[in-house]
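Remarks on the overall topology
Residue strings, one per chain:
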Amino acid sequence: MEKKEALIKKFKEALQNAQRPVYIFDGDTDGLSSFLLLYHFVKEGKGIMQKLHVTYNEPFIDKINSYHPDVIFILDKPVVEQEFIDACKAPVFYLDHHPVQQVTGCTYFNPRMFNDEDNSCTAYWAYELAGGPLWIAMTGIIGDWQTHHLAEFKKAYPGVIPPSVTKQEDIYLDTIWGSFVRMINFILKGPTKDVKKNIKIMTRIKEASEILEQTTSQGKFLYRYAEKIQVQYDKIRRQIKATRSPLVSHVYQDEGLSFTGDLSNELLIRYPEKTVLIGRQKGDQIAFSARNTTKDLASALKIALEGLQGSGGGHTHACGGSIIAEEFPLLKKRLSTLLS
Ligand SMILES: [Mn+2]
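Residues numbered from 1 in each chain as written. Predicted model: local features only at pLDDT ≥ 70, side-chain atom pairs only at ≥ 80, totals over all residues. Heavy atoms only, no water.

Attention shifts here to the overall build of the chain. Looking only at helices and strands, one finds 15 helices and ten strands in the chain. Over its C-alpha atoms the chain spans a radius of gyration of 21 Å, differing by no more than 12% from the 20 Å that the globule rule assigns to 340 residues. Taken over the C-alpha atoms alone, the chain extends approximately 60 × 45 × 40 Å along its principal axes. Averaged over its 42 positive side-chain charges, the chain has a centre that lies 5 Å from the centre of its 40 negative ones. (Helix = DSSP H or I, 4+ residues; strand = E, 2+ residues; numbered from the N terminus. Rg over C-alpha atoms; globule rule 2.2 N^0.38 Å. Lys, Arg positive; Asp, Glu negative; His and termini not counted. Charge placed at Lys NZ, Arg CZ, Asp CG, Glu CD.)

In this structure, Asp30 (OD), Asp76 (OD), His97 (NE2) and Asp144 (OD) serve as the protein donors to the manganese ion, at separations of 2.1 to 2.8 Å. In the primary structure, the donors to the manganese ion are separated according to the pattern D-x45-D-x20-H-x46-D. One end of the pair, aspartate 76, is in the loop between strand S3 (71-75) and helix H4 (82-87); the other, histidine 97, is in the loop between strand S4 (92-95) and strand S5 (107-109), and 21 residues separate them in sequence. For the pair shown, aspartate 76 and histidine 97 are each scored as buried. (Donors = N, O, S within 2.8 Å, 3.2 Å for Na, K, Ca; no water. Buried < 20%, exposed > 50% of the residue type's maximum accessible area, 1.4 Å probe, protein only.)

Time to look at the sheet that holds strand S2 (residues 46-50). Pairing in this open sheet of five strands is parallel, and the strands run S2-S1-S3-S4-S5 from one edge to the other. The open sheet has two free edges, formed respectively by S2 and S5, since each of these has just one partner strand. Along the sheet, successive strands turn relative to each other by an average axial angle of 15°, direction set aside. With three bridges connecting them, S4 and S5 associate as parallel partners. Looking at the pairing, phenylalanine 93 lines up with threonine 107 of S5. Across the sheet, helix H3 (residues 58-65) lies against strand S1 (21-26), S2 and S3, angled at about 160° from S2, the strand it touches most. (Pairing = 2+ DSSP bridges. Axes fitted to C-alpha atoms, helices over the stretch in contact; angles between N-to-C directions. Contact = heavy atoms within 4.5 Å.)

Scanning all chains against the criterion turns up two cavities of 30 Å³ or more. Considering only enclosed or pocket space, the largest cavity measures out at about 60 Å³ in volume. Lining the largest cavity, in full, are Pro246, Pro272, Glu273, Lys274, Thr275, Asn292, Thr293, Thr294, Lys295 and Leu339. Its residues placed into classes, the lining of the largest cavity shows three nonpolar, four polar and three charged. (1 Å grid on protein atoms, 1.4 Å probe; cavity = no way out; pocket = protein on both sides within 12 Å on 5 of 7 lines; lining within 4 Å. Points joined across faces, edges and corners; volume = space filled by probe spheres on them. Nonpolar A, V, L, I, M, F, W, Y, C, P; charged D, E, K, R; others polar.)

Next up on the list: the layout of surface pockets. Empty space within the second largest pocket amounts to approximately 180 Å³. Taken together, Gln232, Lys235, Ile236, Gln239, His250, Val251, Tyr252, Gln253, Glu255, Leu257 and Phe259 form the lining of the second largest pocket. Elements represented by at least two residues in the lining of the second largest pocket include exactly helix H12 (217-238) and strand S6 (247-253). Looking at the lining of the second largest pocket, the element that brings in the most residues is S6, giving four residues.

In this structure, S1 lies alongside S2, joined through five bridges in parallel fashion. Along S2, the bridge assignment pairs valine 22 with lysine 46. Taking the sense of rotation as the criterion, the β-α-β connection linking S1, helix H2 (residues 29-42) and S2 turns out right-handed. (Right-handed = clockwise from strand over helix to strand, strands pointing away.)

We note that the domain assignment places domain 1 (4-225) and domain 2 (242-338) within the chain. Each of domain 1 and domain 2 has a C-alpha centre, and these two points are 29 Å apart. Each partner contributes residues to the interface: domain 1 has eight residues there, and domain 2 has eight residues. Interface area lost by domain 1 to domain 2 is led by Trp145, Leu173 and Lys189, which between them contribute 59%. (Domains from an automatic or database assignment. Buried area = accessible area lost by both parts, 1.4 Å probe.)

One recurring pattern in soluble globular proteins is that nonpolar side chains are buried together. Residues Phe73, Phe84, Trp177 and Met202 are the most contacted members of the largest nonpolar core, which totals 97 residues. When we break this core down by domain, the ones giving at least three residues each are domain 1 (4-225) and domain 2 (242-338). Those residues in contact with tryptophan 177 that lie beyond four places of it in its chain are Trp135, Met138, Thr139, Ile142, Phe153, Val160, Ile161 and Ala208. Counting 18 residues, the second-largest nonpolar core is a separate cluster that includes Leu308, Ile323, Phe328 and Leu331. (Core = buried A, V, L, I, M, F, W, Y, C linked by side-chain atoms within 4.5 Å.)

Quick look at the side chain of lysine 154 now. Relative to the assigned elements, lysine 154 resides in helix H7 (residues 150-156). Buried and without a salt bridge, lysine 154 has aspartate 170 as its closest oppositely charged side chain, separated by 9.8 Å. In terms of polar contacts, lysine 154 uses its side chain to reach the backbone carbonyl oxygen of proline 163, at 3.0 Å. Every residue in contact with lysine 154, bar those within four places of it in the chain, is listed here: Ile161, Pro162, Pro163, Val165 and Thr166. (Salt bridge = Lys/Arg side-chain N within 4 Å of Asp/Glu carboxyl O. Polar contact = N/O pair within 3.5 Å; in protein donor to acceptor, adjacent residues only side chain to side chain.)

Another point: the packing of helix H10 (residues 192-202) against H12. Close contact between H10 and H12 brings their axes to 10 Å; oriented N to C, the two are set at 140°. As far as their axial angle goes, H12 and H10 are oblique. Every pair of crossing elements has a handedness; the one defined by H10 and H12 is left-handed. Each of Asp194, Lys197, Asn198, Ile201 and Met202 in H10 lies in contact with H12, whose residues at this interface are Gln218, Phe221, Leu222 and Tyr225. Among the residues forming the contact of H10 with H12, the class breakdown is five nonpolar, two polar and two charged. (Parallel < 35°, antiparallel > 145°, perpendicular 65-115°, else oblique. Left-handed = near helix turned anticlockwise from the far one by under 90°.)

A word on the packing of aromatic side chains. For the structure shown, the criterion picks out 22 aromatic pairs. Centre to centre, the rings of tyrosine 23 and phenylalanine 35 are 5.1 Å apart; their planes meet at 65°, and the pair counts as edge-to-face. Here the residue tyrosine 23 occupies a position in strand S1, and phenylalanine 35 occupies one in helix H2, the gap between them amounting to twelve residues. On the basis of relative accessible area, phenylalanine 35 is assigned to the buried category, the value being 3%. A centroid spacing of 5.5 Å and a plane angle of 50° characterise the contact between phenylalanine 186 and tyrosine 233, whose relative ring orientation is tilted. On the criterion of sequence distance, the pair formed by phenylalanine 186 in helix H9 (residues 176-186) and tyrosine 233 in helix H12 is long-range, its members being 47 residues apart. Of the two residues, phenylalanine 186 and tyrosine 233, both sit in the buried class. Put simply, the rings of Phe11, Tyr23, Phe25, Phe35, Tyr39, Phe73, Phe93, Phe109, Phe114, Tyr124 and Trp125 pair up and form one aromatic cluster. Directly above the aromatic system of tyrosine 67 lies the positively charged group of arginine 20, at a separation of 4.0 Å from the ring centroid. In this structure, arginine 182 is placed above the aromatic ring of tyrosine 172, and the distance from its NZ or CZ to the ring centre is 5.7 Å. (Phe/Tyr/Trp six-rings, centres within 6.5 Å; stacked < 30°, edge-to-face > 60°. Lys NZ or Arg CZ within 6 Å of the ring centre and 35° of its normal.)

See the structure below:
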């Protein structure tokens, strides 16, 4: 295996030589920030946000190859299909921090290859490569639940995070910077056409204050967009109350916006001792996500789903699945018993 420094050097060279890159990035703040950092460095190229795994499919590959990129950067994607990499006609540089993938035919950097404990987010590495701007890096870092460069950031941007606040959870929920990160997360939601436009505008934003204080028309536009999404998020959020049950749970109707991850994040911070169960209903199916911090959720879910028309699984403290709507209350009841 190549040395870490040698790999970083290869990425830096690729970035310096890039003339017409394509960037494929994950559909969250870490992915977006990583893209923006690289884009600010190269000042050229085409960004493509991808919410799902990067898999081989012809229209997608055609879209990329027909742009005639000289290099392809894949950022913050947990899974990239080998077939996809093989079909790319330009060198692929894959930067990520999720569990290590077995991929060939590309230059792959993942901090976990060198230290399994190191899951420093993609924006952190993109900042290492591109060197700035720091506020963009901090959007991805805080958005990805990390605190790299915090002291430096507080100094460079006084006021957005009070000096005494150091925990990620507190930053996320109770500071100006936390609300900024959530705003950026919200501009990635909605119809594809709108999201594309928002991303394009983001490439033109020079300072966070343009958005936070609405000092430019572009900043104002993004602020207002985020505000509209926020209203819908709050409408759902307000309906959720914790009871004595070990579960905090809620089902909302799918209206084209997915808030499952955001709701789980916020609720888990507010109720760290509980298991958070969020469902998104579409027709007679409910797609759900469950998270907690201490109890073995994966085992409980497996038992709770027995005999039900649903499926699910995942990690010890983070699971997902789907079930027919009429059986959701039963699933809830069982989980509540198993996790109490
Ligand atoms: Mn990430």
